[in-house]
Amino acid sequence: MSLNTHPNIPDPDDFYAELLAAHHGLSEAESHALNARLVLILANHIGERDVLRDALALVREAG
Amino acid sequence: MPYDYTPFPYRRAPGLDGPEARHPVFIVGAGPIGLALALDLARHGTPSVLVDDNDVVSVGSRAICWSKRSLEILDRLGLGERAAEKGVGWKVGRTFHGEEEVFSFDLQPEPGHKFPAFVNLQQYYVEQFLAEAALDNPLIDLRFKNRVTALDPVAGRLEIETPDGAYTLEADHICACDGARSPIRQMMGLEFDGEVFEERFLIADIEMQADFPSERRFWFEPTFHAGQSALLHRQPDDIYRIDLQLGWDADPEHEKRHEVVRPRIEKVVGHADFRIDWVSVYTFQCRRLTSFLHDRVIFVGDSAHVVSPFGARGGNGGLQDVDALGWRLAAVAQGAEVAMLRGYDRERGFAADENIRNSARATRFMTPADGAERLFRDQVLKLAAQAPFARGMVNSGRLSVPCTYPLDGPDAPDLPMGARPGTVAPDAPLGNGWLSERTGHGWLLLAIGQDAPTVEGVKALTLGSDDVLRDRYLGDADCALYLLRPDGIVAARWRDAGAQEIEAAREAACL
Ligand SMILES: Cc1cc2nc3c(=O)[nH]c(=O)nc-3n(C[C@H](O)[C@H](O)[C@H](O)COP(=O)(O)OP(=O)(O)OC[C@H]3O[C@@H](n4cnc5c(N)ncnc54)[C@H](O)[C@@H]3O)c2cc1C
């Protein structure tokens, strides 16, 4: 499977709001730490090295 | 009781009194690797001269963890059982974050192997056993207090200094087993590329009465050594190894002083009733030579590659170098093409990369750079308490296992993966002995569940199949043929093959 960059989350606005809510009240350092944990958890869930590699390539390009 | 560092006998070298005949093999350095190489060559009938600038074993233990593969290699040199008996066997490692266990591993979950996954044994014992065997071996000319001071790598000429003066000597092959700082490498001006980890570690061996289990225990951010990491591991003679991460700013000279070391160790073990056996402060590196072959010089062990010790890949990797080199160099010394040595460079270069990759990753996990590295490291540790997946990312060292060489010998792919070409032929119980005792002496054709065709220069071992052999060698097949190299590595395998195919595979495996 390759990286899916097409819309895949039902109700993306709701998800986006939940993502921000998860960071609510955190300092910048705490937010970074939360993001790092989130990346690790999601990466494990995806589990496919090809997809993860594509994702890493895309974030480098997009940055 | 402290170890007794009795010096080995010094003898006047013949070269001081007249020119010596050109030697087939000359080995610089009687550390574990040079000694094992001389013994391995002797096993294959090749004599060598082995010199060391010193006349005692390694002062302070350094290497303590010897892998199953190393024990199998030592066994062929007649020392495996002695090392395993003296050593403390172990297979479980536990990693803690603070006081909580976050990761554990069992390195040998299955029975049916002659040797345990690891034994802990001080390096000075390993060197002592090897040196005693070498001194007893008529094919080894072991010269202590002989220091190589210059060499011509093309002609194979060496200058050697002794307490009785200097002499020169010539050899066809020079094995540089002269350690991480390799004077030979420096004399030849070879680049030793890699990375240095900006961190200091206190390494101490202490003697105490305790009943810590013989597991490897590693702590990230332990309560007794704030913010750093620590390791505790048992050795024979009531000696325990303790590693403490100190930070890059630590002053090594200050940290080595016993009055500074003692209170640190008291916090680890919880009392003051111990004797300090040896202390040192290290900064670790991972480096390798691009090529291990240069003119007549062959680099083996730490002179060719160094790793940080988390994973015990230094000495164990070096013994595997010996294993890959011994049979080839013996063959070359007895007339085979020199090109055969390229297989050593190829395979052990591949292994060095794997060992460096693993050792560097573990060291980086312990000593993350500021920024993203530290962020992810800390969050992995935090998650590990709750999420099983993160435990596998906690890295306090991935312990030495032999790599699988990328060989392209004939393969029957439906046979078990664990015995494919390039792997060490797995051990198995055989009546009242072990398969590992039968492999690794010369070329061997293992015929399981069938008769072995006769192939010149290849011994045959015919075995009926049992559960263990089926599991490790057959899978769903009824029978198989395995061609094993003189180092016990699987060169090729078939369900069935004729003598010609086997002979061709053997020839190809020498390239
Ligand atoms: C703290 C620490 C812990 C370690 N733990 C482990 C472990 O648990 N397991 C493991 O497998 N490895 C471990 N290692 C690595 C292991 O100690 C080395 O890989 C091993 O000693 C390498 O052996 P060697 O024979 O290549 O080199 P060395 O042991 O360094 O021997 C080189 C020899 O060459 C001699 N020599 C040098 N120059 C000359 C010259 N010009 N002429 C003559 N002789 C010369 C020296 O005197 C020395 O005897 C550890 C290392 C350290 C520092």
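Everything that follows concerns the structure shown earlier in this document.
Predicted model only: the values in this text are computed from it and were never measured.

Engineer: Looking at this model, I keep getting lost on the packing of aromatic side chains. Mind explaining?
Structural biologist: Two measures describe an aromatic ring pair: the distance that separates the ring centres and the angle between the ring planes. All names here are of chain B. Inspection of every chain in the model, using the stated rule, returns 22 aromatic pairs over all chains. Here Y5 and Y124 contribute two aromatic rings whose centre-to-centre distance is 5.8 Å and whose plane-to-plane angle is 75°, an arrangement assigned as edge-to-face. In this pair, Y5 sits in the segment before strand 1 (23-28) while Y124 sits in helix 4 (residues 123-136), placing the two residues 119 residues apart along the sequence. By relative accessible area, which is 2% here, Y124 ends up buried. Taking the centre distance of 4.8 Å and the plane angle of 15° together, the rings of F8 and F144 count as stacked.

Engineer: How should helix 7 (residues 258-269) of chain B be read in this particular structure?
Structural biologist: Residue and element names in this part refer to chain B. For helix 7, built from 12 residues, the straight-helix expectation of 16 Å at 1.5 Å per residue is met to within 8% by its first-to-last C-alpha distance of 16 Å. On its buried face, helix 7 is in contact with strand 13 (201-207), strand 16 (239-245), helix 6 (252-255) and strand 17 (275-282). Looking at the residues trailing helix 7, positive phi occurs at G270, about 85°.

Engineer: Quick question: what am I supposed to make of the sheet that holds strand 12 (residues 193-196) of chain B here?
Structural biologist: One key point about sheets: their strands pair by backbone hydrogen bonds, in either a parallel or an antiparallel sense. All names here are of chain B. Strand order in the open sheet made by the three strands is 12-18-21, with antiparallel pairing throughout. On the outer flanks of this sheet lie strand 12 and strand 21 (305-306), each paired with one strand and no other. In this sheet, strand 18 (residues 285-288) lies alongside strand 12 in antiparallel orientation, the contact comprising four bridges. Following the sheet pairing, V196 is matched in strand 18 by Q285. Its contacts with the sheet put helix 9 (residues 342-366) on strand 12, strand 18 and strand 21, and the angle it makes with strand 18 is roughly 165°.

Engineer: When you look at the side chain of T363(B) in this model, what are you seeing that I'm missing?
Structural biologist: Residues and elements named next belong to chain B. The residue T363 is located in helix 9 in this model. For T363, a relative accessible area of 0% corresponds to the buried category. In terms of polar contacts, T363 uses its side chain to reach the backbone carbonyl oxygen of S359, at 2.7 Å. Look past the residues within four positions of T363 in its chain and what remains in contact with it is F197, S308 and F310.

Thresholds, definitions, all that
- Residues numbered from 1 in each chain as written.
- Chains lettered and ligands numbered in written order.
- Predicted model: local features only at pLDDT ≥ 70, side-chain atom pairs only at ≥ 80, totals over all residues.
- Heavy atoms only, no water.
- Phe/Tyr/Trp six-rings, centres within 6.5 Å; stacked < 30°, edge-to-face > 60°.
- Helix = DSSP H or I, 4+ residues; strand = E, 2+ residues; numbered from the N terminus.
- Buried < 20%, exposed > 50% of the residue type's maximum accessible area, 1.4 Å probe, protein only.
- Expected span 1.5 Å × (residues − 1).
- Contact = heavy atoms within 4.5 Å.
- Pairing = 2+ DSSP bridges.
- Axes fitted to C-alpha atoms, helices over the stretch in contact; angles between N-to-C directions.
- Polar contact = N/O pair within 3.5 Å; in protein donor to acceptor, adjacent residues only side chain to side chain.

Bear in mind that shape data such as this cannot, by itself, settle questions of function.
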